[in-house]
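If you want the building blocks of each chain, they are given just below.
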Amino acid sequence: MASHLIDPTPSCSAAGALRPGRYAAIDIGTVTCRMLVADIDDAGALHELRREYAITNLGEDVDATGMLKPEAMRRVAEVVARYRGILEECAPTDGSPVTVTAVATSASRDAGNADEFVSMLADLGVTLAVVPGEREAALSFAGASCDFAGERLLVVDVGGGSTELVAGQAGGQPVQAHSFNIGCRRVTEKFLAADPPAAGELDRARAWIADGMRPYFEDLRASGFALERVVAVAGTATSVVAVHEHMAEYDSSRVHRSVVERPVLDEVYAQLAGATLDERRRTVGLDPGRAPVIVAGLVILQVVLDLAGMPSFTVSESDILHGIVLDAARVAE
């Protein structure tokens, strides 16, 4: 688990009227459970106050069984209970409330017992929304694009159970968005059995990912939308920078908005794909809890760059959490 306080400086702002106040976003994914607490000021700028992060592996074996494991749900519930305590600490001194929005993504969408998980969190006082993939994609785009005003972007969010691809001009609505049931845990469980992964396993995984995503890029090119930048959010992308820079202690200021050229991505991929799981867990810059799924995540990023015809990606720590806060603060027109 990890947490840190953040200097209260604006991280992004968005078009449209936003309601000032203190907000919290909880994102329960297939691999991680994260929280952002932030203020929206009178000018509509978002000021980060605190982030929390834990690897909970909610989606363990969901691809094979179609069900959330009881122990996986309990792991998330324990983390969410801790987050509830942190939210009490973050309550404004003037007595105004913290507006909390909690969403669950791929693993919960796929699971036949998601209602049980929703009820478990309701008992903790947290209302959980299981969001469709297209909604997840739009929220990721809203968060990631706020740092790149006016640019034509492809935002890629590699999760454990799904990957969201969203193209559009920053500040506007997405022109093409899709959530693929292609994530780092799902790919690992489907293809990567050997330790370290065998070349044939990696080839089959790469081909499967490319086959699934290729029509998206064909449609994007046919639409005439010309990309200027690929923006990658979430743990796979941030891990590339942390591993390449040998970060014994994670430094968000060195990661956010870093441009990762393809040779750097390939270098990190070769290092980790050639290592055993135990060796990956000991790699400086890599969260040991991410070691089982990182290789598959790197393959997904490589395939995205190949299909997009782009030589690099920019890492952003403004992601779906920021999108959730901005959406919660938006004043209905």
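Our structure's up above, just so we're on the same page.
(A) Structural detail: the packing of aromatic side chains. Applying the stated criterion to the full structure yields three aromatic pairs. When the ring of Phe191 is compared with that of Trp208, the centres are 5.4 Å apart and the planes differ by 50°; the resulting orientation is tilted. With Phe191 in helix α6 (residues 184-191) and Trp208 in helix α7 (residues 199-223), this pair connects stretches of sequence that are 17 residues apart. Residues Tyr216 and Phe217 carry aromatic rings whose centres are separated by 5.3 Å and whose planes lie at 75° to one another, so their mutual orientation is edge-to-face. What makes Tyr216 buried here is its relative accessible area of 5%.

(B) Structural context of the sheet that holds strand β13 (residues 312-315). Read across the sheet, six strands follow the order β10-β9-β8-β11-β13-β12 without closing on themselves; strand pairing throughout is mixed. Unpaired on one side and paired on the other, β10 (174-180) and β12 (259-261) mark the two borders of the sheet. Ignoring strand direction, the axes of neighbouring strands in this sheet form an average angle of 25°. Two strands pair when backbone bridges link them, and strand β8 (residues 152-158) and strand β9 (residues 163-169) are joined in this way by seven bridges, in the antiparallel orientation. Note on β9: the bridge partner recorded for Val158 is Thr163. The strands touched by α7 are β8, β9 and β10; relative to β10, the strand with the most contacts, the crossing angle is about 175°. Lying over the sheet, helix α8 (residues 235-244) contacts β8, β11 (229-233), β12 and β13, oriented at roughly 100° with respect to β13.

(C) Quick peek at the pattern of salt bridges. Across all of its chains, the model carries 22 salt bridges by this definition. Linking Lys69 and Glu60 is a salt bridge whose minimum nitrogen-to-oxygen distance equals 3.5 Å. Residue classification places Glu60 among the partly exposed positions, given a relative accessible area of 24%. Each of Arg50, Glu52, Arg82 and Glu89 takes part in one network of salt bridges that share partners.

(D) Main features of the pairing of β11. Burial analysis of β11 places four of its five residues in the buried class, the great majority of the element. Note that β11 and β13 share two bridges and pair parallel. Bridging across to β13, Ala232 finds its partner in Val315.

Calculation notes
Residue numbers run consecutively from 1 along every chain, following the written order of its sequence. Thresholds applied to this predicted model are a pLDDT of at least 70 for local features of residues and 80 or more for the giving and counting of side-chain atom pairs; totals over whole chains, interfaces and linings are not thresholded and use all residues. Excluded from the side-chain calculation are hydrogens and water; included are all heavy atoms of the structure. Working definition: rings of Phe, Tyr and Trp (its six-membered ring) pair if their centres are within 6.5 Å, and the pair is stacked with planes under 30 degrees apart, edge-to-face with planes over 60 apart, and tilted otherwise. Helix numbers and strand numbers start at the N terminus; a helix is a DSSP run of H or I with at least 4 residues, a strand a run of E with at least 2. Only protein chains enter the accessibility calculation, which uses a 1.4 Å probe. A residue is then buried if its area is under 20% of the maximum for its type, exposed if over 50%, and partly exposed in between. Here, a strand pair is defined by DSSP locating no fewer than two bridges between the strands. Angles run from 0 to 180 degrees between N-to-C directions of axes, and those axes are lines fitted to C-alpha atoms, restricted for helices to the stretch in contact. Residue contacts follow a heavy-atom distance rule, with two residues in contact if any of their heavy atoms lie within 4.5 Å. Each reported salt bridge corresponds to a side-chain nitrogen of Lys or Arg within 4 Å of a carboxyl oxygen of Asp or Glu.

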